[in-house]
Amino acid sequence: MASTNSNAPHAEPQQPTQKDDAGNLVVPCFIEGKPVLQPSSSSFPVTSSKEDRILHHGQNATVPITHQAIDSAWKTFKSYRHTPVHQRRAMLLKAADLFEANAAEAVRRQMLETSCPLQWAQFNVMLTVSTIREVAAQVVTAVTGEMPPSYFGNTTLVYREAVGPVLLIPPWNAALVLSARSAANALAAGCTLIFKASELCPWTHELVVSTFHKAGFPPGAINMLMADRSKGPKITETIIAHPSIRKVEFIGSAAVGRIIGATAGKYLKPVLMELGDQSPAIVLADADLGLAARMCAQGTLAHQGQVCFSTERIIVMKEVKEEFEKELVKAVEGMVKMGQKGGSPASVTAGAAEKAKAGIDAAVKDGAKFLYGNSDMTGSASLSASILTNVDPKSLISTGESFAPTAFLMAVDTEEEAIEEANSRIGGLSASVFTSSYERGIRVARVLEFGGVQINNMTIFAEPTGPTTGFKGSGWGSTHGRYGIQEFLYNKSVSLTPTGTAGSH
């Protein structure tokens, strides 16, 4: 993970280069850019669900290693926080160039560890590059302070200061862009970070960390730790509890988010969260039904439905229900045929696919019908695409995120019913509205309880300029552009009292 000044594509190893004492290829923790190799007793397997084999191993951090990483981040922060903004911007732009130049390797690692399709991995690289460049473009605006007027004749200066070392816990499902976005925001603000890599894709996350190092960021500005499911809770609490850690960003499930939020609350640490959703798409009677169907199909099936704002609920007006259903079946069928060209799409683990199948089967047992597809497994970790109707409101698939290539359709009589249904779940990350009238679309969008509303587009959408906002049970705070940078800053007020007037107010 040594620094380099070249933007040219460079040869990456075809597999991790470190080995533990049992001869396993491992991705170790990294502190100040150097591997911290541990005995094989600390190693855990990283598997490919699509290939059904062990790829390599990750290594669990220990409490002493965790403290070493945090101490390094704190020591580096004391100097890095003073790095001029234009230098931070230059390093961010360099990182974006490196990600772009090394796109093929980034795609390969994502596909290998997370079994995602080629198009999803390529999309991740493209969005990573544009997201980091937008962060670089917004950093001056984000950190610029203010001079508000004073009631007392003082001069008040408001500085936007970096909060300090932060813990980032990125997910596996958009392994490149979400981890790079988090790191770019924190680094732009002047923070250093502990990057807790996903145990499902540590080699992909190592590429993210090493790329920022190669772009010129100090070695101690990004230290990478990891832990498997058995060790994760202890290591995560150890990091959050440390007095040098000032904020936490977590991207993942609501279930784990509750644990992270409770742990952070225990130690009075603020949290930025982007959690799951049951993102709805509302199809109004005046919509272009073909377009709406295609966008719903894409929003449901992209990456096997393993996206935090996948389309899971489709709410259609009764007067166009039959025509829309025909368009939807046609669109889903086309997407499935296109996806099968590269083999059966796979979930990240066989367990994830089996859990999703169980949810669908339970809904069918409770009376749901297949409008399209079935719940058949087409491989050890591959679940068939499906669209359901007549789903019981009390069923698991209706009350919780499915994280699967499935959605359910319901019909309503009025716009007001559609809005009520859309707002009825705990999540509030993204919703779609399909209509031929922008005025109507905006009117509906204003009363939808979601951080983002897409008019005539799929629910899986985010602008690099931001904001992407977690609302209700889908998280706290905003990311992308200046909004993401500002999450890692705090406002410091410095009041200059005129000479000779102190104590006179």
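Now for a look at the structure at hand. (Residues numbered from 1 in each chain as written. Predicted model: local features only at pLDDT ≥ 70, side-chain atom pairs only at ≥ 80, totals over all residues. Heavy atoms only, no water.)

Under the counting rule described, the total for this entry stands at 22 salt bridges. The partner of R313 in a salt bridge is E421, and the shortest N-O contact between them spans 3.2 Å. In this pair, R313 sits in strand β14 (residues 311–317) while E421 sits in helix α13 (residues 415–422), placing the two residues 108 residues apart along the sequence. Taking relative accessible area as the criterion, R313 reaches 0% and is therefore assigned buried. Close ionic contact of E415 with R440 constitutes a salt bridge, the shortest N to O distance being 2.7 Å. (Salt bridge = Lys/Arg side-chain N within 4 Å of Asp/Glu carboxyl O. Helix = DSSP H or I, 4+ residues; strand = E, 2+ residues; numbered from the N terminus. Buried < 20%, exposed > 50% of the residue type's maximum accessible area, 1.4 Å probe, protein only.)

Before going further, it helps to spend a moment on the pairing of strand β21 (residues 452–455). Side chains G452 and Q454 of β21 all project onto a buried face; the interleaved residues V453 and I455 project onto a face where none is buried. In the classification by handedness, the crossover that spans strand β20 (residues 430–434), the intervening helix α14 (residues 438–447) and the parallel β21 is right-handed. (Right-handed = clockwise from strand over helix to strand, strands pointing away.)

The residue after G466, namely P467, is reached through a cis peptide bond having omega -5 degrees. For S115, which is not glycine, the phi dihedral falls at a positive 60 degrees. For S115, the position within the fold is in the loop between α3 (103–114) and α4 (118–143).

The 4 strands are arranged β1-β2-β6-β5 in an open sheet whose pairing can be described as mixed. The outermost strands of the open sheet, each flanked by one partner alone, are β1 (18–19) and β5 (43–48). The sheet contact formed by strand β2 (residues 25–27) and strand β6 (residues 53–59) spans 2 bridges and is parallel. Within the sheet, the bridge partner assigned to V26 lies in β6 and is H57. Running over the sheet, α3 touches β5 and β6 and is turned about 105 degrees from β6. (Pairing = 2+ DSSP bridges. Contact = heavy atoms within 4.5 Å. Axes fitted to C-alpha atoms, helices over the stretch in contact; angles between N-to-C directions.)

Distances and angles like these do not, on their own, reveal function.
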